[in-house]
Amino acid sequence: MQNPTPAPTDPEISALIADYLHLEGPLLPILHAIQATFGHIPQTAVPLIAGALNVTNAEVHGVVSFYHDFREVPAGRHVVKICRAEACQAMGGTALADGALAKLGVAWHGTTPNGNVTIEPVYCLGLCACAPAAMIDGKVVGRLDAARMSKLLTEAGA
């Protein structure tokens, strides 16, 4: 099991928020900065952001939950995104995804108990001609099959 990182403090979060208040429409830049710094958007950040921007907690939470790239919990050391778009599904992407989820023993957005791998669906990586495709730690990989996906997951520590 990975060692949990210390929770960010309110002053740390507030300092990040303050850096973006001069912008017009600062919510998304604030959320990106918080996630880049802490690896996720901690629940404690929501009321701080809402207060600084004079919006409701629900409005901030709505933006966080709408955009799939924002996380409410830290990700594993490696993030695997499997394409779920039609082209990849037509080329065996559903079976590939089912096999990866089974190997990891988690559901979508889950992280392995050892903290090594988080798996997420993504709805097009732009590699349709090389389907099925996935992205591992920002690197796109095409023409995947069960054996190659299993090898990649094993290399990531699954």
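See the structure above.
The rules behind the values
Residues numbered from 1 in each chain as written. Predicted model: local features only at pLDDT ≥ 70, side-chain atom pairs only at ≥ 80, totals over all residues. Heavy atoms only, no water. Axes fitted to C-alpha atoms, helices over the stretch in contact; angles between N-to-C directions. Helix = DSSP H or I, 4+ residues; strand = E, 2+ residues; numbered from the N terminus. Left-handed = near helix turned anticlockwise from the far one by under 90°. Contact = heavy atoms within 4.5 Å. Nonpolar A, V, L, I, M, F, W, Y, C, P; charged D, E, K, R; others polar. Buried < 20%, exposed > 50% of the residue type's maximum accessible area, 1.4 Å probe, protein only.

At a minimum axis distance of 8 Å, the contact between helix α3 (residues 45–53) and helix α4 (residues 57–66) shows a crossing angle of 115°. The handedness of the crossing between α3 and α4 is right-handed. Residue-level contacts link Val46, Pro47, Ile49 and Ala50 of α3 to Asn57, Val60 and His61 of α4. Considered class by class, the residues forming the contact of α3 with α4 number 5 nonpolar, 2 polar and no charged.

Before going further, it helps to examine the environment of Val64. By secondary structure assignment, the location of Val64 is in helix α4. Classification of Val64 as buried rests on a relative accessible area of 4%. Sequence spacing of Val64 and Ile41 is 23 residues, and the spatial spacing of their C-alpha atoms is 7.9 Å.

So, to be careful, I would describe these as geometric facts and stop short of saying anything about function.
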